[in-house]
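Understanding the architecture of this molecule
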Amino acid sequence: MVGKFERNKDTVQELTESAAMHVGRIAVIIATAVRDVTREIGDLVTDGIEMREASRRAQRDNRSFEVIDGEFEQFAEK
C-alpha cells in the first residue's frame, strides 16, 4: 500500500510534468506566432520597397507615344 507522502509526491510530480508540458506547448505557439508575424512584416516592407523602386523606374522612363496615321510611334523626350 502507498503511503500518504508518496501519493502526494506522485501528485505533485504529475502536476509539475503536466504544467511543464503545457507551458512548453504555449511557448512554441507564441514563438511560432512571433516568427510568422515577423515574416509577414518583412514581406510587407519588401513589397513597399519593390513598389517604390518600380515607381522610380517609371518616373525615369521618359518615353512617350504619338499617334501617326492610327499607329503608335515611340520617341524619347529630351
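Residues numbered from 1 in each chain as written. Predicted model: local features only at pLDDT ≥ 70, side-chain atom pairs only at ≥ 80, totals over all residues. Heavy atoms only, no water.

A closer look at the overall build of the protein
The line we're drawing: Strands here are runs of E lasting at least two residues and helices are runs of H or I lasting at least four, both read from the DSSP assignment and numbered beginning at the N terminus. Relative accessible area decides the class of each residue, using a 1.4 Å probe on protein chains only: under 20% of the type maximum gives buried, over 50% gives exposed, and in between gives partly exposed. Exposure was quantified through the Shrake-Rupley algorithm and a 1.4 Å probe, taking into account, for residues, occlusion by the shown protein chains and nothing else.
On a plain count of helices and strands, the protein comes out with 1 helix and 2 strands. For the protein, the N- to C-terminal ordering of α and β elements is α-β-β. Classification of the 78 residues of the protein by burial places 1% in the buried group. For the protein, the exposed surface amounts to about 7,400 Å²; the carbon and sulfur share of it is 59%.

With respect to a positive patch on the surface
Note the threshold: Nonpolar side chains (Val, Leu, Ile, Met, Phe, Trp, Tyr) are joined into patches within 5 Å and like charges within 9 Å, using only residues with over 30% relative accessible area and no salt bridge. In what follows, salt bridge is the name for a side-chain nitrogen of Lys or Arg lying within 4 Å of a carboxyl oxygen of Asp or Glu. Charged-residue counts in this description rest on Lys and Arg as positive and Asp and Glu as negative, His and the chain ends being excluded. Charged side chains are reduced to one point each, which is NZ for Lys, CZ for Arg, CG for Asp and CD for Glu.
A surface patch of positive charge is lined by R52, R56, R57 and R60. With respect to the element layout, R57 can be found in helix α1 (residues 4-60).

What to know about a negative patch on the surface
Together, E40, D43, D47, E50 and E53 give the surface a local cluster of negative charge. Here D43 lies in helix α1. On the basis of relative accessibility, which here comes to 40%, the residue D43 falls in the partly exposed class.

Quick word on a nonpolar patch on the surface
Together, V37, I41, V45 and I49 give the surface a local cluster of nonpolar side chains, amounting to about 330 Å² of exposed area. Secondary-structure assignment places V37 in helix α1.

So, the pattern of salt bridges
When their charged atoms lie close together, side chains carrying opposite charge are able to pair. Scanning the entire structure with this criterion turns up 2 salt bridges. Of the charged contacts in the structure, one is a salt bridge between D10 and K9, with a shortest N-O distance of 2.8 Å. Judged by relative accessible area, K9 falls into the partly exposed class, the value being 40%. For R35, the salt bridge identified is with D36, shortest N-O distance 3.1 Å. When its relative accessible area of 45% is taken as the criterion, R35 is described as partly exposed.

Focus on the confidence of the model for the protein
The criterion, for reference: Every residue is assigned a pLDDT by the predictor, reflecting its confidence on a scale from 0 to 100.
Considering every residue of the protein, the mean pLDDT works out to 88; 78% of them sit at 70 or more. When mean pLDDT is compared element by element in the protein, α1 scores highest at 96, while strand β2 (residues 71-76) scores lowest at 58.

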